[in-house]
Amino acid sequence: MKYPKLRELKEAIISLVTPAYTSGFPKEPHVPFEKFRGKPVVDNDNCVGCETCANVCPPYAITFTDDREKGIRTIKRDYGKCIFCGLCEEHCITQKGVKLSDKLYDIAAFDRQNNVEYQYKELLICKNCGAIITTKEHLFYMHRKLGPRAFSSILNLNMLNQKLKLAEGQDVDVEIRDKLKRKDMFNILCPNCLRQVLVKYL
Ligand code: SF4
Ligand code: SF4
């Protein structure tokens, strides 16, 4: 028979008389440690749907799908894939769109769909070529950040007109029928189409 080494015997005696390092979860509530990184929590009012967090998420837990017909961007956050790295919080352009909770740790579920969340944002689409410019909320956010400097862009000026509702109730939607005209510099255009108008007519 082999006898345990003295060091192992000492460790066994110490562990017998010291309290357990682990908690009795789920029978007892677990108290997360300081700076614990738990479930990312989205603040939809401060998330502008810019796509930055999806581009930095290592396991692709955040995905974006654009529906051009409906003009809607769907943001899907699958926390079953999340590794709690905190990159989405660190790179969020508004700094408030998503934050890792220091309390939400229990997200285990039998149905994986319970860990999936969706957000929906209205898209801004070029009236000429149909390219997706960004979301409306994203552009309004840049407006607020840039202040008066934002008005150097005609697109921003158009967006402001829509927000101020200067022609509320009127049909101000201008269709582009046969090629871009000078007047279309005041239309909702992507940077490429706007450049074509400006180069041709200014
Ligand atoms: S914490 Fe990391 S893995 Fe989880 S959603 Fe954010 S970026 Fe993705
Ligand atoms: S980076 Fe921030 S604002 Fe942009 S989509 Fe992600 S959470 Fe929303």
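Residues numbered from 1 in each chain as written. Chains lettered and ligands numbered in written order. Predicted model: local features only at pLDDT ≥ 70, side-chain atom pairs only at ≥ 80, totals over all residues. Heavy atoms only, no water.

From N to C terminus, the chain includes six helices and six strands. Moving toward the C terminus, one meets the helices and strands of the chain in the order α-β-α-β-β-α-β-β-β-α-α-α. Taking 2.2 N^0.38 as the reference for a compact globule, 202 residues should give roughly 17 Å; the C-alpha atoms of the chain span a radius of gyration of 26 Å, well beyond that estimate. A buried classification covers 31% of the 202 residues belonging to the chain. Within the chain, contacts between residues separated by at least 24 positions form 63% of all contacts whose residues are at least 6 apart in sequence. Of the roughly 14800 Å² that the chain leaves accessible, carbon and sulfur atoms contribute 55%. (Helix = DSSP H or I, 4+ residues; strand = E, 2+ residues; numbered from the N terminus. Rg over C-alpha atoms; globule rule 2.2 N^0.38 Å. Buried < 20%, exposed > 50% of the residue type's maximum accessible area, 1.4 Å probe, protein only. Contact = heavy atoms within 4.5 Å. Areas by Shrake-Rupley, 256 points an atom, 1.4 Å probe, with all protein chains shown as cover.)

By the burial criterion, the buried members of helix α6 (residues 191-201) are C193, L194 and V197. Down the axis of α6, the sector holding all buried residues measures 100°, keeping them to one side. For α6, exposure combined with an orientation more than 90 degrees from the buried face picks out P191, N192, R195 and V199. (Arc of directions from axis to C-beta.)

C57, P59, I62, C82, I83, F84, C85, G86 and C88 make up every residue found near ligand 1. For the shell around ligand 1, the class distribution of residues is eight nonpolar, one polar and no charged. (Near = heavy atom within 4 Å. Nonpolar A, V, L, I, M, F, W, Y, C, P; charged D, E, K, R; others polar.)

Quick look at the pattern of salt bridges now. For the structure shown, the criterion picks out seven salt bridges. E11 is the salt-bridge partner of R7, the closest N and O atoms lying 3.1 Å from each other. You can see R7 and its partner E11 sitting in helix α1 (residues 6-17), four residues apart, about one turn around the helix. Here K136 and E122 are joined by a salt bridge, their closest N and O atoms 3.1 Å apart. (Salt bridge = Lys/Arg side-chain N within 4 Å of Asp/Glu carboxyl O.)

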